[in-house]
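Secondary and tertiary structure notes
Here's the letter readout for the chains.
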Amino acid sequence: MTRLGWLGYTVGTDPRPRRNCSVVRTRYAPSPSGTLHIGGARTALFSFLYARHFDGRFVLRVEDTDQTRQVDGSERAMMRGLASLGIVWDEGPDVGGDFGPYRQSERLAEHREVADRLLADGHAYRCYCTPEELERERAARRAQGLPPRYSGRCRRLNPADWAERQDKAFVVRLKVSASGSTVVDDLIRGPVSFDNQVLDDFVLMKPDYTPVYNFAVVVDDHGMGITHVIRGEEHLSNTPKQILVYEALDWPVPQFAHVPMILAPDRSKLSKRHGATSVEEYLDQGILPEALRNYLLLLGWSSPAGNEIIGLDEAIRLFDLDRVQHTAAIYDTKKLEWMTQQYLKTLPLSRVVEAVKPFAERLGINWGLGPPLDVAVALVRERAYTLRQVAEGIRFLYQPPASYDGQGVRKHFTAPEAPGRLRDLATHLDVLEEWSHDALAALYDQLALAWGVKRAELIHPTRLAVSGKTVGPGLFELVQTVGRDETAKRLRHAAALIESGSVPES
RNA sequence: GACCCCAUGGUCUAGUGGCCUAGGACAUCACCCUUUCAAGGUGGUAACCCGGGUUCGAAUCCCGGUGGGGUCACCA
């Protein structure tokens, strides 16, 4: 296949991966200010898949440069979130690696060294303007309808002037040429050009001689040998600044890929008021991590064949940046739940059982006192959309119903002969020769015939009496799993409640 | 406001000038199956933002508008 690449010349199948020249190295660089956001999770997933697809390395870096937003335990929460989705990092703050340290705060010496170099070779300069002066300048420009661009008046100062002001606070600014333009060759969007006039001599180092993001990120990415910077679209506008830093340092510019954002259903930026926004919250609601990962994969990327249920290995095999969408996506929890159901049905039973345990525990289910958990889970897993629903679905196998579905009560418990039938049913079950699905079915057929009713008229009241619900697994397997004595007991108990007119409804 | 990105059903998307009477998935509606629910099956409703070009031909290319999003810090 030959086609026109984004640079305008004819290229082979895929010009991007330079697997012959160098190993692909990607990174995910969250700031530890909370839990893993689903947008961040997807960016991390794409970065990870891209690296794995080209037999490269995926790096985790924590951007913890002193800031008030720092949240305790956030770093570990981020790692837990990533790990739950099957994203593993080859290098990172916990596992180390040859390009460490992997915490931005621990790279301060390097940031300072590079800033010194820029100062020494004239690419950067000290700026002594105070925040008040800058604000005044900005206000003046705004009043004239001009973009708030720093005038660059401290550029005139030379090292001799700097020496004179030894005691005064300063920041380090990069000298940006006001002419020409800077082009970001984005792997997803193609070349994006920025007029240098809209950029100003931005700050590299703060007065305390710590780096500003746009500087630190360049020093870190270069220091870690990152070849492909895959990150959220919100960074696209910052990229020319970073490229200018690379150029001033005479460092090779990595490839960039800006993935579209994930928006809330009202097309605004995702925030807490839109409900669950973090991986943690979704998992807590009973979404399977496998499903969340699959869902996130499909948010902005599609497989060439159009299939949607894609496991991790297949995702690694298929993933590439050229099929990443340009448009921001809105997440849809309905499809996420559907996806969870797909995995609930097809994952190894043992895996689902493990995943259900915390949710069963939350409901106070003691699975030592009933049928084996795997039997219970097998019974309901394909009619649930979340792990929570699985737990709720198996609850009656371990605890007798505390209440009965209201609509069901009105429908199946109100007939005058209802309690009597439940008792008769119990009596027959007591002496049923074989406690099997088929024997139970035969019994119900036989009784229905004898009593001159439809089999369903026996089935529904039984289900309600035994499980408290009108929905659930097939009745005979349900009853079989609950057990003979317990079933009879529940039937008689329900009959008694009906007769005393005190059926608790839900 | 300036700059940048983007624009296919309610949502995720396929689509790289003729294969499009625009395909798939979720959701939704109807029917079938059925001991309930779920699953499954069948069928339906529903989209190329607008306006100009280019071309024999445009969802696809170009320009303009509109709309949405992002960035403009001594935050990351």
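An account of the accompanying structure is given in this report. (Residues numbered from 1 in each chain as written. Chains lettered and ligands numbered in written order. Predicted model: local features only at pLDDT ≥ 70, side-chain atom pairs only at ≥ 80, totals over all residues. Heavy atoms only, no water.)

The next thing to look at is the overall build of chain A. For chain A, the count of helices and strands is 20 helices and 13 strands. Its C-alpha atoms give chain A a radius of gyration of 32 Å, clearly above 23 Å, the size a compact globule of 506 residues would have. Considered along the principal axes of its C-alpha atoms, chain A spans approximately 110 × 55 × 45 Å. In chain A, which comprises 506 residues, the proportion classed as buried is 49%. (Helix = DSSP H or I, 4+ residues; strand = E, 2+ residues; numbered from the N terminus. Rg over C-alpha atoms; globule rule 2.2 N^0.38 Å. Buried < 20%, exposed > 50% of the residue type's maximum accessible area, 1.4 Å probe, protein only.)

Another aspect to go through is the pattern of salt bridges. On inspection of all chains with the given rule, the structure shows 30 salt bridges. With its nearest N and O atoms 3.9 Å apart, the salt bridge here joins Arg 61 to Asp 220. In this pair, Arg 61 sits in the loop between strand E4 (57-60) and helix H2 (74-84) while Asp 220 sits in helix H6 (residues 213-223), placing the two residues 159 residues apart along the sequence. Assigned by exposure class, Arg 61 and Asp 220 land together as buried. The network of salt bridges with common partners includes Arg 27, Arg 61, Glu 63, Arg 107, Glu 110, Asp 220 and Asp 221. (Salt bridge = Lys/Arg side-chain N within 4 Å of Asp/Glu carboxyl O.)

This part covers the side chain of Asn 196. Tracing the sequence through the fold places Asn 196 in the loop between strand E8 (190-195) and strand E9 (203-205). The exposure class assigned to Asn 196 is buried, which follows from its relative accessible area of 6%. In this structure, Asn 196 is in contact with Arg 149, Ser 177, Ala 178, Ser 179, Gly 180, Ser 181 and Thr 182, ignoring residues within four places of it in sequence. (Contact = heavy atoms within 4.5 Å.)

Once that is clear, we can look at the nonpolar core. By size, the foremost hydrophobic cluster in this structure holds 108 residues, and its most contacted members are Phe 46, Leu 296, Leu 297, Phe 319, Leu 321, Ile 394 and Phe 413. It is helix H1 (residues 38-53) that provides the largest number of residues to this core, a total of nine residues. Every residue in contact with Phe 46, bar those within four places of it in the chain, is listed here: Ile 230, Val 259, Leu 296, Leu 297, Leu 299, Gly 300, Trp 301, Phe 319 and Val 324. (Core = buried A, V, L, I, M, F, W, Y, C linked by side-chain atoms within 4.5 Å.)

Glancing now at the pairing of strand E5 (residues 124-127). In E5, alternate side chains face the same way, and those of Ala 124 and Arg 126 on one face and Tyr 125 and Cys 127 on the other are all buried. As judged from the four bridges shared by E5 and strand E6 (residues 171-174), these two strands associate in the antiparallel manner. Note on E6: the bridge partner recorded for Arg 126 is Val 172. (Pairing = 2+ DSSP bridges.)

Positionally, Arg 126 belongs in strand E5. Comment: no salt bridge for buried Arg 126; closest opposite-charge side chain is Asp 116, at 6.9 Å. At a separation of 3.4 Å, a polar atom in the side chain of Arg 126 contacts the side chain of Tyr 128. (Lys, Arg positive; Asp, Glu negative; His and termini not counted. Polar contact = N/O pair within 3.5 Å; in protein donor to acceptor, adjacent residues only side chain to side chain.)

Here the focus is the environment of Ile 316. Position of Ile 316 relative to the elements: it lies in helix H10 (residues 312-318). For the pair Ile 316 and Leu 49, spaced 267 residues apart in sequence, the C-alpha to C-alpha distance is 5.2 Å.

Pairing of strand E3 (residues 25-28) with E4, which is carried by four bridges, proceeds in the parallel orientation. Residue Arg 27 lies in a different strand from E4, and its bridge partner there is Val 59. In this fold, the crossover linking E3 to E4 by way of H1 has right-handed handedness. (Right-handed = clockwise from strand over helix to strand, strands pointing away.)

Relative to the assigned elements, Val 253 resides in the loop between helix H7 (239-249) and strand E11 (255-259). For Val 253, a relative accessible area of 37% puts it in the partly exposed group. Taking the C-alpha atoms as reference, Val 253 lies 9.4 Å from His 228; in sequence the two are 25 residues apart. Excluding anything up to four places from it in sequence, Val 253 contacts Ile 243 and Tyr 246.

What follows is about helix H12 (residues 349-362). In this model H12 runs 20 Å from its N-terminal to its C-terminal C-alpha over 14 residues, within 8% of the 20 Å that 1.5 Å per residue would give. If you look at H12, its biggest bend is around 35°, right at Val 356, and the proline Pro 358 turns up within four residues after that. Taken as a whole, H12 has its buried residues at Val 352, Val 353, Ala 355, Val 356, Phe 359 and Ala 360. On its buried face, H12 sits against helix H8 (279-284), helix H11 (333-346), helix H13 (373-380) and helix H14 (387-394). One or two residues past the end of H12 sits Gly 364, with phi positive at roughly 75°. (Expected span 1.5 Å × (residues − 1). Bend = angle between axes of the 7 residues up to and from the residue.)

Sheet strands pair by backbone hydrogen bonding; their relative direction is either parallel or antiparallel. Taken in spatial order, the three strands make up an open sheet running E5-E6-E9, and their pairing is antiparallel. Taken across any chain shown, the strands that pair with only one partner, and hence form the sheet edges, are E5 and E9. With strand direction ignored, the average angle separating the axes of adjacent strands in the sheet is 45°. (Axes fitted to C-alpha atoms, helices over the stretch in contact; angles between N-to-C directions.)

Attention now moves to the environment of Arg 455. Within the secondary structure, Arg 455 sits in helix H18 (residues 455-467). Distance from Arg 455 to Asp 445, taken between C-alpha atoms, is 6.1 Å for residues 10 residues apart in sequence. Ignoring any residue separated from it by four or fewer positions in sequence, one finds Arg 455 in contact with Ala 441, Tyr 444, Asp 445, Ala 448 and Phe 476. Polar side-chain contacts of Arg 455 include one of 3.4 Å to the side chain of Asp 445.

Turning next to the packing of aromatic side chains. Inspection of every chain in the model, using the stated rule, returns eight aromatic pairs. Judged by centre distance (5.0 Å) and plane angle (45°), the rings of Phe 46 and Phe 319 are tilted. With Phe 46 in helix H1 and Phe 319 in the loop between H10 and strand E13 (329-330), the pair connects residues that are 273 residues apart, well separated along the chain. Ring centres of Tyr 50 and Phe 54 lie 4.8 Å apart, and the angle between their planes is 65°; this geometry places the pair in the edge-to-face category. Residue Tyr 50 is classed as buried on the basis of its relative accessible area of 0%. The exposure class assigned to Phe 54 is buried, which follows from its relative accessible area of 7%. (Phe/Tyr/Trp six-rings, centres within 6.5 Å; stacked < 30°, edge-to-face > 60°.)

Attention now moves to unusual backbone geometry. A cis amide bond links Gly 100 to the next residue, Pro 101, at an omega of -5°. One can find Pro 101 in the loop between H2 and helix H3 (108-120). Phi at Asp 55 takes a positive value of approximately 55°, unusual for a residue other than glycine. Structurally, Asp 55 is set in the loop between H1 and E4. If you check the backbone angles, Arg 267 has positive phi at about 70° while not being a glycine. In this structure Arg 267 comes out as exposed when scored by relative accessible area, which is 52%.

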